[in-house]
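Each chain, written out:
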Amino acid sequence: MSRVYNFSAGPAVLPEEVLREAAEEMLDYRGTGMSVMEMSHRSKAFEGIIKEAEQDLRDLMNIPDNYKVLFLQGGASQQFAMIPMNLMKNRVADYIVTGQWAKKAYQEACIYGKANKIASSEDKTFSYIPDCSDLPISQDADYVYICENNTIYGTKFKTLPNTKGKTLVSDVSSCFLSEPVDVTKYGLIYGGVQKNIGPAGVVIVIIREDLITEDVLPGTPTMLKYKIHADHDSLYNTPPAYGIYICGKVFQWLKKRGGLEAMKVYNEKKAKVLYDYLDESKLFHGTVRKEDRSLMNVPFVTGNTELDARFVKEAQAAGFENLKGHRSVGGMRASIYNAMPVEGVEKLVAFMKKFEEENL
Ligand SMILES: *Cc1c(COP(=O)(O)O)cnc(C)c1O
């Protein structure tokens, strides 16, 4: 068996310890005589798994009691609709468009009400985060929406927008649990787990209780109401049980590593290895305004598409997988989530240096 360094943006690398543990428990989960995939979601064993996962997430993020944690399906993309369906009481919401995912969320919200694009960085291929200190927030906006870490472009909000008292809704799919967060600053935080937490199929929603009401847009399907899932502790119907189980293991792994403070230190150190090299390299350079750089997704280019393609190919042959940039941007992108060890980035940089020497 040999494992590669996987720089995929998602589904992405998971901690090896977690995968080993899951493998050990595959045939017989703790004396139940069955795998977690085979057990009833109403069983005592699974009840333990989901309760413990929720508690560990609450501990990691310091989630206050007046927020619910929901384990849902449909990916982050389903939240693009679920958010307006549940929160657009006035049918008005403000969107800050900093990439493709924010844009898709904005376009979806336009179906349900008046979505206002109050800021955008599309003029420069989403390579920066706009100044959000004094935006024209709509008086009757039900919420202000951001995508906090832009997976495709590699930008991150370092300060949250001034929402002038309006509820902040944030897509944290690609920066989930990468550093501490002050949950009280948000009305709703959500993310698909396949970027930085677990296997595809689970989306986690952390929502302040006062936002969970029966008062949703007419025609909202039962399955798309936050209230139904909150009232049933994410067990209204069969949840993505195995995915939740793996997420729970990742939460424990993060706790063992010292929680989110420690992850932030580690992630900063790891990203610095790559960014420092990009800043000094004569061949490669980063594509994002420095102050807006993401710790999780690092896009870079040589400026020559043929050379980019050759780099991706040679890197793959050397055991560095999934470095090709998103199809909408080109170039390269290294996603260096929590589970990517710093050695992976150091080895990548060593490989890039060698490539630079050979091709300059
Ligand atoms: C990947 C991603 C999505 C889409 O996730 P799906 O689970 O595939 O719907 C949305 N937002 C961000 C920030 C992402 O990185």
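The structure presented is a predicted model; accordingly, all values stated were derived computationally and were not measured.

Focus: the site of the ligand
Close to the ligand lie G75, A76, S77, F80, W101, C147, N149, T151, D171, S173, Q194 and K195, which account for all nearby residues. T151 is positioned such that a nitrogen or oxygen atom in its side chain is 2.4 Å from an oxygen atom of the ligand. Here a nitrogen atom of the ligand and a side-chain polar atom of D171 are 2.6 Å apart. Surface burial for the ligand is 86%, taken as the share of its 380 Å² of free accessible area covered by protein chains. Among the elements that line the shell around the ligand, the one with the most residues is helix 3 (residues 75-87), at four residues. Class assignment for the residues of the shell around the ligand results in four nonpolar, six polar and two charged.

Concerning the packing of helix 1 (residues 16-24) against helix 6 (residues 241-256)
Helix-helix packing is described using two parameters, namely the angle between the two axes and the distance between the axes. For the pair helix 1 and helix 6, the least separation of the axes is 10 Å and the interaxial angle reads 130°. Here helix 1 is positioned oblique relative to helix 6, judged by the angle of their axes. The interaxial crossing formed by helix 1 with helix 6 has right-handed handedness. On helix 6, the residues that touch E17, V18, E21 and A22 of helix 1 are Y242, Y245, I246, K249, V250, W253 and K256. For the contact of helix 1 with helix 6, the per-class residue count stands at seven nonpolar, no polar and four charged.

Topic: the sheet that holds strand 11 (residues 285-286)
Sheet architecture is open: three strands sit in the order 11-12-14, paired in antiparallel fashion. Looking at the sheet topology across the chains shown, the edges are occupied by strand 11 and strand 14 (332-335). Pairing of strand 11 with strand 12 (residues 297-301), which is carried by two bridges, proceeds in the antiparallel orientation. Opposite H285, over in strand 12, you have V301 as the bridge partner. Of the strands in this sheet, strand 11, strand 12 and strand 14 are in contact with helix 7 (residues 259-280), which crosses strand 12 at around 20°.

Thresholds, definitions, all that
- Residues numbered from 1 in each chain as written.
- Predicted model: local features only at pLDDT ≥ 70, side-chain atom pairs only at ≥ 80, totals over all residues.
- Heavy atoms only, no water.
- Near = heavy atom within 4 Å.
- Polar contact = N/O pair within 3.5 Å; in protein donor to acceptor, adjacent residues only side chain to side chain.
- Areas by Shrake-Rupley, 256 points an atom, 1.4 Å probe, with all protein chains shown as cover.
- Helix = DSSP H or I, 4+ residues; strand = E, 2+ residues; numbered from the N terminus.
- Nonpolar A, V, L, I, M, F, W, Y, C, P; charged D, E, K, R; others polar.
- Axes fitted to C-alpha atoms, helices over the stretch in contact; angles between N-to-C directions.
- Parallel < 35°, antiparallel > 145°, perpendicular 65-115°, else oblique.
- Left-handed = near helix turned anticlockwise from the far one by under 90°.
- Contact = heavy atoms within 4.5 Å.
- Pairing = 2+ DSSP bridges.

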